[in-house]
Every structure is written in structure tokens, then in C-alpha cells.
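Here is what each chain is made of, one letter per residue.
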Amino acid sequence: MTNAGFPQISLSEAEREIDAHIFARHPEADHEAKLLRVSEALAMLGDPQRALRIVHVTGTNGKTSTSRMIESLLRASGLRTGLYTSPHLTTLRERIQIDGRPLPQEDLIRLWQRVAPAIHAVDAGSLQRGGPRMSFFEVLTVLGFTAYADAAVDVAVIEVGIGGRRDATNVGDGRVAVLTPMALDHDGYFTGGLPGVASEKCGIIKPGAAVISAMQKDEAAEIITAAAADRGASVFWEGAHMSVEARRVAPGGQIVTLRTAAATYEDIHVPLHGDFQAQNALTALAAVEVALGDGIPRSLDPDVVARGFAAATSPGRLEVIAADPIVVGDAAHNPHGIEALARSLHEAFGLTKVIGVVAVLGDKDYVGILDGLAPILDHAVVTRTESRRALAIDTLAAQARASMGQERVTVAPDVATALAEARALAAAHGEGTGVLVAGSITLVGEARRELAAQAMAPVTEATLPLARGVQHGASDGSAEPQPA
């Protein structure tokens, strides 16, 4: 099939050319000027972000899952939705979703023809001033805002790429600011410890906005309180205004009772695992109540809540990506995320032994990640992804041996080899042993692609006797995530 924009090539070929152009751009580096570049490009396009009703989501962990649940609840409420998240596991178009589906190829190509002249004009101006071209995340943000305005969505759920105040997405005016749990991450970006992290992330709080905050450490909570007061924003806190009243493991996820500022919703099925996903569900529900109530929490029909959560997915979060032996992928990539993973893995799957496939990006706290994985892994196969940001194998292996002991660590040169070795070890240990892929979002994406390429047997409840009900899936392809 060909297309109107590039009649001589197929839609897939046109998409690959656009992807190649976008990902040939450098990651964000000139953080102070990126808002200017994004604003300039959007101004040339008529400022589409100003036409959008935005729910803006930031935090250290849980941003993507929370964003996806917010979008699903809004869509169940009968609204046309946009969802902007990063990174992606299969296709670039996953980052720009409309009504729960990745941007269609035809729309990507049509919109690219519209935004490309503005992107190139801003590139030329920045280079003339001695600055860089727009980064790929800046370009994607311009494309996303344009796509949502073009589709006339009722609400756009926008996940911050990194931080908040200086993030490319902060050109939008989020009337609802959502803050998931904050912790130390991206040491080269934030300064001032946890207060510095919180200060940067609070940059998405706009004057008069409503703020939904998950439970935070005192240092972060103080910064949030001060930022909200300074901007005349109201804050709804987990603990004070909302809470997870009850949760229990169930087939396909968990059953939760959620108390918000507007209502209590009993026995809601959330098809995701772990206490952290119950917390994310609470935060998402409270955000939707405030968004639909124009800043004042408005209770939702229980059937809408049930449908919204039932349709929610979070690929790469405690996701079964292969069977026999079971392979679970989790995108945890900092100590806080690893801690949540460790709490939930046994609850979800009941594994008696766990073989890990571990790779970490170079800007992450790999010591903290490995120390957090050590108590739950019987053996670790360390490797590196294809990402240019990947930590060297020798460095990762040395720390893995320090954290777990020499005899519990094997080194593999690439993800495919690591998966083969880990699955062989799991098979040798017999029933009850599984493989955990963790440490990097890029790693999970490569593992999904590799296992799909091997044409693994379809994952079903029947083939996963150890799984206590999980989100299943396998797909192919992954590109360099930014930022994560």
C-alpha cells in the first residue's frame, strides 16, 4: 500500500524513514533552551497545545502506568482522549495515542509533513545562535501536541519525559498536575537531592491548578506544599484525601477498594500486579475525578470505573513475555522501582527460584539496582543492550559479583545470549523457576523483540500454572528510549 505523502513508497517504508530522521537526532542536552525551541515550533503551527485540556503527569516511578490508567478511565467516561508517554516498546507511534490506540501510520505521515518545516526552521535558528538542533524528544512533543489538536481530543494525558519545569512537555497548560512517588534518579540532571528532584517536578504545577499527589517523603511533600501555595493550586494527598482501603490478589491482577475525596469504590478489579499498581490506580482515579469536576473531585459511576480499569494495560510492568519457563519483564530501572518489583514478584507469580537477566543504562544507579535485585535472584545473567547509553558489561558484572557473589553471576555479550542462558538455567532448576528481565526499559523492549522473533508459544493461563493472573503480551521491536 502506498500513501499520498510519499506515493512511491509504502506506509511502512515512510514510517521507517520518519523514525530514522527523528532518532538520528541527539538526546536532550541543552535543557534550559528546549522549552524555547518547542515553543517556537508550536507557534509556527498555530500553538495547538493551547487548544488542549491537559492532565500532566510527573514523578520518579509509576508515571506511565498512572498515565495509562487515567486515559483509560477518561475514555470509559465517554471522552475522546490523547495519551503521550515514553519510551515505547514496539513502535514510535505508541508514544502518541488517540482513543487508546497508537497514532495510525497514515496520520503520522500526514502530520510529519505538516510539522517538518517548523522543525527545520527552529533547527536553523538554533544552529545560527550556536545551539543544537531540536532533540528527538522535543520533536516528538511537537508532533504529539499537533496530533491531539488535529484529532480534537477532549483531554490529553501528557507524561513528562524527565523532571518537569524544564521538560519539553511543559509548554502545555495542565489544569491537573499529577505527582507519582518521587525518589532520586537521573543524577546528572537533578541537583540538591530529593528536594531538588521535587522542586524540578513541581514545575508542572500551573497557577490555580489542581494537584493530585501520591504518598511522598517529607522532604518532597514540603516542596510540593510550598509550590502549590505559591501558585494558588489545591492539593489532594494520598493518605489525607485518598487511600487504598483494601487489596487482594486475584486472577488477572488484584481487587482493590479505593477511597477518594469524592467517593469510595469497592471491589474494583485492576488487571495489574503489585501494591504500587494499586497506588497508581488510586492516583489515576483521583486525577480523573478532579479533571471531570473542573478542579473539584466528582464521583464517577462505578460501572465506568470498572470498565476503565478493566481496559487498562501497562506493557513491560510485571508482564509475562514468554512461557515454559515463564519469563517476566519489568521496566524497573532505579532502586525505588526495584524495591516495588521485589515486593510484588512473589505475590504475583509464586516462583520458588528466579534467574535474572539484567542490563542497566550508564546514567542509572546500577549499584542500587543490583543491591535491590540480589535478595530475589538466585542467579543473574548480566549483559548490555544495544543502546548507546548502556553500561559496560565489565562494570555491571563487577558490581553484580560484589552484590550477589561470584558464583551467582554469569556474563553474556548480548540480550539474545543472556535470555538463552537464563532460560536454560531456569529449565535445569525445574518446575517453579522463572526468568526475570529487569534493570532497563530498553532491556525489556529488546527481550520482547527477541522472544517474539523466536516465535515462542502463545502465552495463556493454561501454559502458566505458576502465574497468579497477569497481563500477557509479546511484541517485536524497540528503539532507544528517551528519557527513562
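The notes below deal with the structure included here. (Residues numbered from 1 in each chain as written. Predicted model: local features only at pLDDT ≥ 70, side-chain atom pairs only at ≥ 80, totals over all residues. Heavy atoms only, no water.)

Before going further, it helps to examine the overall build of the chain. Tallying secondary structure elements over the chain gives 14 helices and 17 strands in all. Relative to the 2.2 N^0.38 estimate, which gives 23 Å for 484 residues, the radius of gyration of the chain is 22 Å and therefore close to what a compact globule would have. Judged by the C-alpha coordinates and their principal axes, the chain covers about 60 × 55 × 50 Å. For the chain, the proportion of its 484 residues judged to be buried stands at 60%. (Helix = DSSP H or I, 4+ residues; strand = E, 2+ residues; numbered from the N terminus. Rg over C-alpha atoms; globule rule 2.2 N^0.38 Å. Buried < 20%, exposed > 50% of the residue type's maximum accessible area, 1.4 Å probe, protein only.)

Structurally, Thr169 is set in the loop between strand 5 (155-159) and strand 6 (174-179). Side chain to side chain, Thr169 and His56 meet in a polar contact 2.9 Å long. The contacts of Thr169, once residues within four sequence positions are left out, are His56, Tyr84, Phe137, Thr141, Phe145, Ile158, Glu159 and Val160. (Polar contact = N/O pair within 3.5 Å; in protein donor to acceptor, adjacent residues only side chain to side chain. Contact = heavy atoms within 4.5 Å.)

Across its 13 residues, helix 7 (residues 218-230) extends 18 Å between first and last C-alpha, which sits within 8% of the 18 Å expected from 1.5 Å per residue. Of the positions making up helix 7, those classed as buried are Ala220, Ala221, Ile224, Ala227 and Ala228. When helix 7 is viewed along its axis, its buried side chains cluster within an angular range of 130° and face the same direction. Exposed residues on helix 7 whose side chains face more than 90 degrees from its buried face are Asp218, Glu222, Ala229 and Asp230. Residues of helix 7 that are buried in the fold lie against strand 6, helix 6 (193-201), strand 7 (210-213) and strand 8 (234-237). (Expected span 1.5 Å × (residues − 1). Arc of directions from axis to C-beta.)

A full pass over the atoms with the stated rule returns 22 salt bridges. Of the charged contacts, one joins Asp99 and Arg80 as a salt bridge, the two residues approaching to 2.3 Å between their closest N and O atoms. Taken together, the residues Asp99 in the loop between strand 3 (96-98) and strand 4 (101-102) and Arg80 in the loop between helix 3 (63-76) and strand 2 (81-84) connect sequence positions 19 residues apart. Under the relative-accessibility criterion, Asp99 is labelled partly exposed at 26%. For Arg80, a relative accessible area of 32% translates into the label partly exposed. Connected through shared salt-bridge partners, Asp107, Arg110, Arg114 and Asp150 make up one network. (Salt bridge = Lys/Arg side-chain N within 4 Å of Asp/Glu carboxyl O.)

All right, on to the packing of aromatic side chains then. Within the structure shown, the criterion is met by one aromatic pair. For the pair Tyr84 and Phe137, a centre-to-centre distance of 5.9 Å together with 50° between the ring planes defines the contact as tilted. Of the two residues, Tyr84 sits in strand 2 while Phe137 sits in helix 5 (residues 136-150), which places them 53 residues apart along the sequence. Exposure remark for Phe137: the relative accessible area of 1% places this residue in the buried category. (Phe/Tyr/Trp six-rings, centres within 6.5 Å; stacked < 30°, edge-to-face > 60°.)

Moving on to helix 3. Relative to the 20 Å expected for 14 residues at 1.5 Å per residue, helix 3 spans 20 Å between its end C-alpha atoms, a close match to the ideal helical length. Burial analysis of helix 3 places 13 of its 14 residues in the buried class, the great majority of the element. Among the residues trailing helix 3, Gly78 stands out with phi positive, at a value near 95°.

Turning to the sheet that holds strand 14 (residues 353-358), a few remarks are in order. In space, the six strands of this open sheet follow the order 12-13-17-14-15-16, with mixed pairing throughout. Two strands close off the open sheet at either side, each with one partner strand: strand 12 (319-322) and strand 16 (409-411). Recorded for the sheet is a direction-independent mean angle of 25° between the axes of neighbouring strands. One ladder, built from three bridges, connects strand 15 (residues 379-382) with strand 16; its direction is parallel. Among the inter-strand pairings, Val382 is bridged to a residue of strand 16, identified as Val411. The strands touched by helix 12 (residues 393-404) are strand 14, strand 15 and strand 16; relative to strand 16, the strand with the most contacts, the crossing angle is about 170°. (Pairing = 2+ DSSP bridges. Axes fitted to C-alpha atoms, helices over the stretch in contact; angles between N-to-C directions.)

For the rest of this paragraph, the subject is the packing of helix 11 (residues 366-373) against helix 12. Their axes nearest at 9 Å, the elements helix 11 and helix 12 cross at an angle of 40°. Classified by the angle their axes make, helix 11 and helix 12 are oblique. Read as a crossing pair, helix 11 and helix 12 show a hand that is right-handed. Judged by residue contacts, Tyr366, Val367, Leu370, Asp371 and Leu373 of helix 11 engage Thr395, Leu396, Gln399, Ala400, Ser403 and Met404 from helix 12. (Parallel < 35°, antiparallel > 145°, perpendicular 65-115°, else oblique. Left-handed = near helix turned anticlockwise from the far one by under 90°.)

Attention now moves to the layout of surface pockets. Over the atoms, a rolling probe the size of a water molecule traces out where space has been left empty. Its boundaries defined by the atoms lining it, the largest pocket holds a volume of some 600 Å³. Thr60, Asn61, Gly62, His336 and Gly337 are the residues nearest the centre of the largest pocket, which is lined by 40 residues in total. Looking at the lining of the largest pocket, the elements that each hand over two or more residues are helix 3, helix 8 (275-292) and helix 10 (335-349). Considering every element that reaches the lining of the largest pocket, the biggest residue donor is helix 10, with six residues. There is about 370 Å³ of room inside the second largest pocket. What lines the second largest pocket is a set of 25 residues, among which Arg68, Glu94, Gln97, Thr313 and Pro315 lie closest to the centre. Among the elements that take part in the lining of the second largest pocket, helix 3 stands out by supplying five residues, more than any other. (1 Å grid on protein atoms, 1.4 Å probe; cavity = no way out; pocket = protein on both sides within 12 Å on 5 of 7 lines; lining within 4 Å. Points joined across faces, edges and corners; volume = space filled by probe spheres on them.)

In this section: unusual backbone geometry. For the peptide bond that leads from Ser86 to Pro87, omega is -5°, which places it in the cis range. The residue Pro87 is located in the loop between strand 2 and strand 3 in this model. For the peptide bond that leads from Asp324 to Pro325, omega is 0°, which places it in the cis range. Of note, the phi angle at Ala152 is positive, near 55°, even though the residue is not glycine.

Time to look at the sheet that holds strand 4. Taken together, the eight strands give an open sheet; going across it, the order is 4-3-2-5-1-6-7-8, and neighbouring strands pair in mixed fashion. Taken across any chain shown, the strands that pair with only one partner, and hence form the sheet edges, are strand 4 and strand 8. Pairing of strand 2 with strand 3 involves three bridges; the strand directions are antiparallel. Note on strand 3: the bridge partner recorded for Tyr84 is Ile96. The strands touched by helix 7 within the sheet are strand 6, strand 7 and strand 8, with strand 8 carrying the most contacts at an inclination of about 150°.

Quick look at the nonpolar core now. One broad rule of soluble globular proteins: the nonpolar side chains tend to lie buried together. In terms of nonpolar packing, the biggest core is built from 40 residues, with Ile22, Met134, Val142 and Tyr148 touching the most fellow members. Breaking this core down by element, the ones donating at least two residues are helix 1 (11-23), helix 2 (34-44), strand 3, helix 4 (105-128), helix 5 and strand 5. When residues in this core are grouped by element, the largest group, nine residues, is from helix 5. Counting residues in hydrophobic clusters, the runner-up holds 36 residues, among them Val157, Val176, Ala291 and Ala312. (Core = buried A, V, L, I, M, F, W, Y, C linked by side-chain atoms within 4.5 Å.)

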